[in-house]
Structure formats: C-alpha cells, structure tokens
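A look at the structure
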Amino acid sequence: PDPAPSSFQSARLALHHLLAARLHLGHAPSRTHPSMRPFISGSRNGAHIIDLNATLPRLRRALRVVRSVVARGGTVLWVKPRRGKVKEEDLEGDVVEALARACGCPVLRSRWVMGTLTNAVESGQGRRLGYVVPDLMVVFDVRGGRAAVREARKVGLPVVGVVDT
C-alpha cells in the first residue's frame, strides 16, 4: 500500500489524522531537547506526550509552503538522512519517499554529501552537470540532517524541518 496519507493532498489536516499516525508519542524525557518543552503536554509510560494542538498549526503552515512551491512548478527536495546502521525496515523513509513521489519531487534517503548544493550553486552550472537546485528543502530528522540544513542556509535555500522531541 502507498504510505502517503491522503491528507497531504487535501486542504483539511485534522487532529485525528495526527492521532491516528501516533504523532503524539515522543521520546523518553532523557532524550528530549529543551526547546521542545512548549510542544510537550505530559509524560506517560516513560515517553513524552506531544501537544498536537500546538503542533497542528505549524504542520499546516509547513504543508501550505510545500503546496505553494509545488503548485508554481518549483522543486522540493525531501531529505530523510539515515543515521548509524541501516535498518532493514525504514518506514519513515518509505513515507517520505511516497510524499516526494506524490508531488513529483526528488528525495534523498542516504547520508548527505557536503557540496551537493554549494557546488551546483557556486559553479552556476547545476543544471548542465545534472544537478537540480531545489526551491525548498524539507528535512525529516533535522539532527541527522544537520549538514543538509547548514548547506541549505549557506546557499539561501528555505528549509522546512520536521523534528521530534
């Protein structure tokens, strides 16, 4: 089955979509980044519970940005870097790939190679060399994708980051 949620294409993303996807379940409190506190509503069974009422408006905003870039024919680069050992089953990566495919955009599911963006932009020969300089980058796992985010900032590329607690 196609893991891309139909809610990505519809304009109505609701709280029940996030609950059904179990997006309210966070990490153990010991692994939580302090800047995530405003998005945490409590803790249960050794894991934080994410406040989806605080998350939903930001997710809708991110989806509007992605939709607007795709609607005007822009390219969105979807990045889901792998960290550590490669898992046999990478469900998150499968969902990211399905979302990228749904909007006809490229996806990167491997380690970010430094220079991917800067070499194409600085040389001014990106298209000639086969690189497509995107109009927007969506990064899942911003911690694992630090290099991608850093390089995007360097070339002035807007980034939408999807983070976990």
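Taking 1.5 Å of rise per residue, the 20 residues of helix H2 (residues 52-71) would be expected to cover 28 Å, and the 27 Å separating its terminal C-alpha atoms lies within 8% of that figure. Taken as a whole, H2 has its buried residues at Leu 52, Ala 54, Leu 56, Ala 62, Leu 63, Val 66 and Val 69. You can read the cap of H2 off the contacts: a side-chain oxygen lies 3.0 Å from the backbone nitrogen of Asn 53, and it is on Asp 51. Phi for Gly 73, located one or two positions after H2, is positive at around 85°.

Along helix H5 (residues 146-155), the positions that sit buried rather than exposed are Ala 148, Val 149, Glu 151 and Ala 152. An end-on view of H5 places all buried positions within 165° of arc, on one side of the element. Exposed residues lying more than 90 degrees from the buried face of H5 are Arg 146, Arg 150, Arg 153 and Lys 154. Looking at the residues trailing H5, positive phi occurs at Gly 156, about 80°.

This next bit is on the sheet that holds strand S4 (residues 107-108). As summarised here, the arrangement of the four strands in space is S4-S3-S5-S6, forming an open sheet in which the pairing is parallel. Two strands close off the open sheet at either side, each with one partner strand: S4 and strand S6 (159-162). In this sheet, strand S5 (residues 136-140) lies alongside strand S3 (residues 76-79) in parallel orientation, the contact comprising four bridges. Pairing of Leu 77 across the sheet is with Met 137, part of S5. In the packing of H5 onto the sheet, contacts are made with S3, S5 and S6, and the angle to S5 comes to roughly 160°.

Analysis parameters
Residues numbered from 1 in each chain as written. Predicted model: local features only at pLDDT ≥ 70, side-chain atom pairs only at ≥ 80, totals over all residues. Heavy atoms only, no water. Helix = DSSP H or I, 4+ residues; strand = E, 2+ residues; numbered from the N terminus. Expected span 1.5 Å × (residues − 1). Buried < 20%, exposed > 50% of the residue type's maximum accessible area, 1.4 Å probe, protein only. Polar contact = N/O pair within 3.5 Å; in protein donor to acceptor, adjacent residues only side chain to side chain. Arc of directions from axis to C-beta. Pairing = 2+ DSSP bridges. Contact = heavy atoms within 4.5 Å. Axes fitted to C-alpha atoms, helices over the stretch in contact; angles between N-to-C directions.

Take it as geometry only, folks, not as evidence of what the structure does.
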